[in-house]
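Secondary and tertiary structure notes
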Amino acid sequence: MKYVFLIWIFLVLSGFAFFYQYEFEEGDFHVKKDYSKIIEKHFSSQDLSNILICFLHPKCPCSDATIYELNRLRTSNKELKIIAVLSFPENTYSEWKTINRVDNQLSRIEGLEIIEDKNSEMAKDFGGLTSGSCYLFRDSELMFAGGITPSRGHLGKTEAHEIISKKASNEDLLVQKVFGCPINSTEECNEEICTINH
């Protein structure tokens, strides 16, 4: 009986360790040295004086927390232009465009613009290969790059919020980890972990 109990304890602890590791596992994310050509290619008509561009996987439940934080940022900074880019994995657009989970949530955020990124080409150009990858430009200069949630599916302010909402200033580029599903993934995300947690 003693050994059964020890095995049970081991399995429980292993489960907790797995969930903890998954929750705080950093996603694939890159910051380019120069975005001028990328901006010219994809956002030539946009005003880059104060704009936040965020890449989201259309079916990733981790995106819910990012969208919540986008709404929080938009509420506290009406001057901030937010563009949510729905990046579809290759060969999924025609099937997923009407059943993506984030469209309705994004449409509730006042003034937010939604752009569809077929085959994730824009995300690849930026280096935002994980859902929740965000880029803040001020006067055409990249000021922040990374995620705006503290972990997968968790709400909460990070250092990025202070920079984006202009409550703090930074001279050097601020880069934060991104927690979310791979942009090019066609597999289901772990719903239990990625569901919003406060």
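In this text, all values refer to a predicted model and were calculated from it rather than measured experimentally.

1. A short note on the overall build of the protein chain
- Counting its secondary structure elements, the protein chain contains 8 helices and 6 strands.
- Secondary structure elements in the protein chain, listed N-terminal to C-terminal, are α-α-β-α-β-α-α-β-α-β-β-α-β-α.
- The burial tally for the protein chain puts 49% of its 198 residues in the buried class.
- Put simply, 81% of the contacts in the protein chain that link residues at least 6 apart link residues at least 24 apart.

2. Here's the deal with the environment of Ile53
- Checked against the element boundaries, Ile53 lands in strand β1 (residues 51-56).
- Separated by 28 residues in the primary sequence, Ile53 and Lys81 have C-alpha atoms spaced 8.5 Å apart.
- The contacts of Ile53, once residues within four sequence positions are left out, are Ile39, Phe43, Ile83, Val85, Phe126, Ser133, Cys134, Tyr135 and Phe137.

3. Topic: the sheet that holds strand β2 (residues 81-87)
- Within the open sheet, the 6 strands sit side by side as β3-β2-β1-β4-β5-β6. Their pairing is mixed. The open sheet has two edge strands with one neighbour each: β3 (113-117) and β6 (174-175).
- Strand direction decides the pairing type here: strand β4 (residues 133-138) and strand β5 (residues 141-146), joined by 5 bridges, are antiparallel. Its bridge partner being in β5, Tyr135 is matched across the sheet by Ala145.
- Packed onto the sheet, helix α3 (residues 63-76) meets β1 and β2 and runs at close to 165° relative to β1.

4. Quick notes on the packing of aromatic side chains
- In this structure the tally under the stated criterion is 9 aromatic pairs.
- Taking the centre distance of 6.1 Å and the plane angle of 85° together, the rings of Phe55 and Tyr135 count as edge-to-face. Of this pair, Phe55 sits in strand β1 while Tyr135 is found in strand β4, placing the two residues 80 residues apart along the sequence. Judged on exposure class, the residue Phe55 and its partner Tyr135 are both buried.
- Within the aromatic cluster, the residues linked to one another by ring pairs are Phe29, Tyr35, Phe43, Phe55, Phe126, Tyr135 and Phe137.
- The lysine or arginine in question, Lys59, covers the ring of Trp96, its NZ or CZ lying 4.7 Å from the ring centre.

5. Re a nonpolar patch on the surface
- A cluster of nonpolar side chains, namely Val31, Leu173 and Val175, defines an oily patch on the protein surface of about 210 Å² accessible area.
- Mapped onto the elements, Leu173 comes out in the loop between α7 (159-164) and β6.
- Leu173 gets classed as partly exposed once you look at its relative accessible area, which sits at 38%.

6. Digging into the side chain of Arg74
- Assignment of secondary structure puts Arg74 in helix α3.
- Those residues within four positions of Arg74 in sequence are excluded, and the remaining contacts are Glu79, Leu80, Ile82, Ile109, Glu110 and Gly111.

7. Brief notes about the pattern of salt bridges
- Taken as a whole, this structure holds 5 salt bridges when the rule is applied.
- The partner of Lys41 in a salt bridge is Asp125, and the shortest N-O contact between them spans 2.9 Å. With Lys41 in helix α2 (residues 36-42) and Asp125 in helix α6 (residues 121-126), this residue pair connects regions lying 84 residues apart in the sequence.
- The exposed category is assigned to Lys41, whose relative accessible area is 59%.
- For Lys78, the salt bridge identified is with Glu110, shortest N-O distance 3.4 Å. Within this pair, whereas Lys78 is found in the loop between α3 and β2, its partner Glu110 is found in the loop between α5 (103-107) and β3, the two being separated by 32 residues in sequence. Each member of the pair, Lys78 as well as Glu110, carries the same accessibility label: exposed.

Rules and cut-offs
Numbering of residues starts from 1 in each chain and follows the order in which that chain's sequence is written. For a predicted model such as this one, the threshold for reporting local features is a pLDDT of at least 70, and the threshold for listing and counting side-chain atom pairs is 80 or more; totals across whole chains, interfaces and linings nevertheless cover every residue. Hydrogens and water molecules were not included; the side-chain quantities draw on all heavy atoms of the structure. A run of DSSP states H or I qualifies as a helix once it reaches four residues; a run of E qualifies as a strand once it reaches two. Both are numbered from the N-terminal end. Note on classification: 1.4 Å probe, protein chains only; a residue is buried when its accessible area is under 20% of the maximum for its type, exposed when over 50%, partly exposed between these limits. Contacts are assigned to residue pairs with any non-hydrogen atoms lying within 4.5 Å of each other. By definition, two strands form a pair when at least two bridges between them are found by DSSP. Structural elements are reduced to axes, namely lines fitted to C-alpha atoms, with helices fitted over the stretch in contact, and the angle between N-to-C directions of any two is expressed from 0 to 180 degrees. Put simply, two rings from Phe, Tyr or Trp (the six-membered ring, in Trp's case) pair if the centres are within 6.5 Å, and we call them stacked under 30 degrees between planes, edge-to-face over 60, tilted for the rest. Comment: the charge-over-ring label is applied if NZ (Lys) or CZ (Arg) is within 6 Å of the ring centre and within 35 degrees of the ring normal. Residues enter patches when they are more than 30% accessible in relative terms and free of salt bridges; like-charged ones are connected within 9 Å and nonpolar ones (Val, Leu, Ile, Met, Phe, Trp, Tyr) within 5 Å. Only the protein chains shown count as cover for residues, and the accessible areas themselves come from Shrake-Rupley with a 1.4 Å probe. In what follows, salt bridge is the name for a side-chain nitrogen of Lys or Arg lying within 4 Å of a carboxyl oxygen of Asp or Glu.

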